[in-house]
Amino acid sequence: MKIKLLFIGKESLEELQVASQDYIPKINNYNSFEIEAIPYLKNTKSLSIELQKKQEGELFLKKITVQDVVVLLDEHGKEYSSIQFSQFIQQRLNSGCKNVLFLIGGAYGFSEELYRRANFTLSMSKMTFPHKLARLLFIEQLYRTFTILKGEPYHHE
C-alpha cells in the first residue's frame, strides 16, 4: 500500500526539515510514503471563500483516482488516539487497498465535492494548528503508527 500526504501550500526544507530528514525515511523503511504540495491559488483576494475552496478542491481531485482511499484531515473529523490510528492504518493494509491519500486543505478547509469524495474524515485534534505544523504532526504520527504495528518501543502508554 502506498500512503501519500497531499496538502495545499508549499514545501520548504526549512519548514519540514525535521519531518523530511528524520521521519520520512524512517516511514519508508516500513511502508511507501511520500508528500506532495499543491501550490497555493494565486489572486485569492478576489475570490469568495466558497470559490477558493472549490478551486482548491478541483486541484486535489485531479490527483485522486477512483481506486484511492481518501482521508481528509479536518477539524470536524473523527478523533483517534495513536493506538486507534495505528488500527485504522492496519485495517487499510489488511483491506488490500493500493493507495491511501491523506489531505490537508487550505486555510478555509475542503470543498463540498471533496467531502463527498472522501472515504474518511479524521481530526488530529480539537485544537487548530498552522498547516505546516499539522503536516509535521501527521508525519510523526504515521511513523509512530508503524512502530506500534511492529511492536517497537517508540510509543509509550
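Residues numbered from 1 in each chain as written. Predicted model: local features only at pLDDT ≥ 70, side-chain atom pairs only at ≥ 80, totals over all residues. Heavy atoms only, no water.

Caption draft 1: Fine view of the sheet that holds strand β2 (residues 32-38). Spatial ordering of the open sheet is given by β2-β1-β4-β3-β5, a layout of five strands whose pairing is parallel. The two strands at the open ends of the sheet, each matched to only one other strand, are β2 and β5 (120-123). Going from strand to strand, the sheet's axes swing by 30° on average, the running direction of each strand aside. (Pairing = 2+ DSSP bridges. Helix = DSSP H or I, 4+ residues; strand = E, 2+ residues; numbered from the N terminus. Axes fitted to C-alpha atoms, helices over the stretch in contact; angles between N-to-C directions.)

Caption draft 2: Quick peek at helix α3 (residues 82-95). With 14 residues, α3 ought to run about 20 Å at 1.5 Å a step, and its terminal C-alpha atoms sit 20 Å apart, in line with that. Three or more residues of α3 are buried, namely Ser82, Phe85, Ser86, Phe88, Ile89 and Arg92. The buried residues of α3 occupy an angular sector of 155° when projected down its axis, which confines them to one face. Where α3 terminates, the next one or two residues include Gly96, which has phi positive at roughly 80°. (Expected span 1.5 Å × (residues − 1). Buried < 20%, exposed > 50% of the residue type's maximum accessible area, 1.4 Å probe, protein only. Arc of directions from axis to C-beta.)

Caption draft 3: Here's a closer look at the environment of Lys63. In this structure, Lys63 sits in the loop between α2 (49-61) and β3 (69-79). Taking relative accessible area as the criterion, Lys63 reaches 40% and is therefore assigned partly exposed. Separated by 43 residues in sequence, Lys63 and Gly106 place their C-alpha atoms 16 Å apart. In this structure, Lys63 is in contact with Leu6, Glu36, Ile38, Asp68 and Leu101, ignoring residues within four places of it in sequence. (Contact = heavy atoms within 4.5 Å.)

Caption draft 4: Structural context of the packing of aromatic side chains. Following the criterion strictly, the structure yields 12 aromatic pairs and no others. Aromatic pair Tyr23 and Tyr143: ring centres 5.7 Å apart, planes at 45°, arrangement tilted. A residue pair is termed long-range when its members are at least 10 positions apart, and Tyr23 in helix α1 (residues 17-30) and Tyr143 in helix α5 (residues 131-149) qualify at 120 residues. An identical accessibility class is assigned to Tyr23 and Tyr143; each is buried. Plain terms: the ring middles of Phe85 and Phe102 are 6.0 Å apart, the flat faces sit at 65° to each other, and that makes the pair edge-to-face. With Phe85 in helix α3 and Phe102 in strand β4 (residues 99-104), the pair connects residues that are 17 residues apart, well separated along the chain. Linked through ring pairs, Tyr80, Phe85, Phe88, Phe102, Phe120 and Phe138 together constitute an aromatic cluster. (Phe/Tyr/Trp six-rings, centres within 6.5 Å; stacked < 30°, edge-to-face > 60°.)

Caption draft 5: Focus on the nonpolar core. Grouped together as the largest cluster of nonpolar side chains are 25 residues, with contacts concentrated most on Leu5, Phe33, Phe102, Phe138, Ile139 and Leu142. Of all elements in the fold, only β1 (2-8), α1, β2, β3, α3, β4 and α5 reach the threshold of two or more residues within this core. (Core = buried A, V, L, I, M, F, W, Y, C linked by side-chain atoms within 4.5 Å.)

Caption draft 6: Up close: the pairing of β4. With respect to burial, β4 is a largely interior element, five of its six residues being buried. Inspection of the sheet shows β1 paired to β4 by six bridges, in the parallel sense. Considered in β4, the bridge of Lys4 is made with Leu101. Pairing analysis gives four bridges linking β3 to β4, with the strands arranged parallel.

Caption draft 7: Spatial organisation of α2. Taking 1.5 Å as the rise per residue, α2 with 13 residues should run 18 Å; its terminal C-alpha atoms sit 18 Å apart, in good agreement. Against the buried residues of α2 lie β1, β2, β4 and α4 (112-117).

Caption draft 8: Layout of the pattern of salt bridges. Counted under the stated rule, the structure contains seven salt bridges. Residue Arg144 pairs with Glu140 through a salt bridge whose shortest N-O separation is 2.8 Å. You can see Arg144 and its partner Glu140 sitting in helix α5, four residues apart, about one turn around the helix. Here Arg144 and Glu140 have matching classes, each one buried. Connected through salt bridges with shared partners, the residues Lys4, Glu34, Glu36 and Lys63 form a single ionic network. (Salt bridge = Lys/Arg side-chain N within 4 Å of Asp/Glu carboxyl O.)

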